[in-house]
Amino acid sequence: MLKEKLGLGYGDVNMLVHVVLKSDGERAAEGKSEDAVLDEIYSGAKASFRPIHEKLMKEIGKFGEFEVVPKKGYVSLRRRKQFAMIGPKTNTRFEVGLNAKDLRKNARLLEQPRGSMCNYIVQLTDTQEVDAELVGWIQSAYEGAG
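In this report, the structure presented in the accompanying data block is examined. (Residues numbered from 1 in each chain as written. Predicted model: local features only at pLDDT ≥ 70, side-chain atom pairs only at ≥ 80, totals over all residues. Heavy atoms only, no water.)

1. Description of the side chain of His53
Rules: Helix numbering and strand numbering both begin at the N terminus, where a helix is a DSSP run of H or I of at least 4 residues and a strand a DSSP run of E of at least 2. For the purposes of these results, a polar contact is taken to be a pair of N or O atoms within 3.5 Å, where, inside protein, one atom must be able to donate a hydrogen and its partner to accept one; residues adjacent in sequence count only when each atom of the pair is a side-chain atom. Note on contacts: a residue pair qualifies if any of its non-hydrogen atoms lie within 4.5 Å across the two residues.
Position of His53 among the secondary structure elements: in helix H4 (residues 50–60). Within the structure, His53 has its side chain in polar contact with the side chain of Tyr42 (distance 3.0 Å). For His53, the contacting residues outside a window of four places in its chain are Leu38, Tyr42, Val75, Ile86 and Phe94.

Dropping the structure here:
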């Protein structure tokens, strides 16, 4: 309703909901280790996506310091602000959400509407898709997050 009637973006609506509910989006992870939350995210039909997660984290770890914030269904990666979200979107698709500016148009980069949680989404189904091009886009988002 907030998106439809007030024209707010998804990110703005999400923030408002968390303020109203006095939540931070992390309750599902509260009191659990990062590994325990990842085991929950990558269970059942989504278990096959864990290798994509691991490969991404190995590559992103080379950039430098950042914070890993596990949420209910994905992992938020942050510096001063969130630069990426990674995790299974459905049982058949993994997504990398990027908060980056001015990336060159590419068929793999799905530009998101203004106000969304991320500026771009990249859909993956296999570890082979974690390539230099994707890692470069993530690094651009990392550098832009300060």
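2. What about helix H3 (residues 34–41)?
Think of an α-helix as turning once every 3.6 residues; residues three or four places apart then point the same way. How we decide: Each residue is assigned to one of three classes by its accessible area relative to the maximum for its type, calculated with a 1.4 Å probe on protein chains only: buried under 20%, partly exposed between the two thresholds, exposed over 50%. Note: the arc covers the axis-to-C-beta directions of the helix.
Residues of H3 that are buried include every one of Val37, Leu38 and Ile41, and no others. End-on view of H3: buried residues confined to an arc of 100°, all on one side of the axis. Tucked into the core, H3 has its buried residues touching H4, strand S1 (67–70), strand S2 (75–78) and strand S3 (82–88).

3. Points about the pattern of salt bridges
How we decide: A pair is scored as a salt bridge if a Lys or Arg side-chain nitrogen falls within 4 Å of a carboxyl oxygen belonging to Asp or Glu.
One pass over the structure, following the stated rule, counts seven salt bridges. The partner of Arg50 in a salt bridge is Asp39, with the nearest N and O atoms 2.9 Å apart. Here Arg50 is found in helix H4, whereas its partner Asp39 is found in helix H3, with 11 residues between them in sequence. Across the salt bridge formed by Glu95 and Arg93, the nearest N and O atoms sit 3.3 Å from each other. Residue class for Glu95 comes out buried when judged on its relative accessible area of 13%.

4. Comments concerning the packing of aromatic side chains
Here a ring pair, both rings aromatic, is described through the centre-centre distance and the interplanar angle of the planes. Rule in force here: The criterion for an aromatic pair is that two Phe, Tyr or Trp rings (for Trp, the six-membered ring) have centres within 6.5 Å, with stacked assigned to planes under 30 degrees apart, edge-to-face to planes over 60 apart and tilted to the rest.
The full count for this structure, using the stated rule, is six aromatic pairs. A ring pair is formed by Phe66 and Phe83, whose centres lie 5.8 Å apart and whose planes are at 90°; its orientation type is edge-to-face. Highlighted residues: Phe66 in the loop between H4 and S1 and Phe83 in strand S3, separated in sequence by 17 residues. Exposure remark for Phe66: the relative accessible area of 23% places this residue in the partly exposed category. Among the aromatic residues, ring-to-ring pairing joins Phe63, Phe66, Phe83 and Tyr142 into one connected group.

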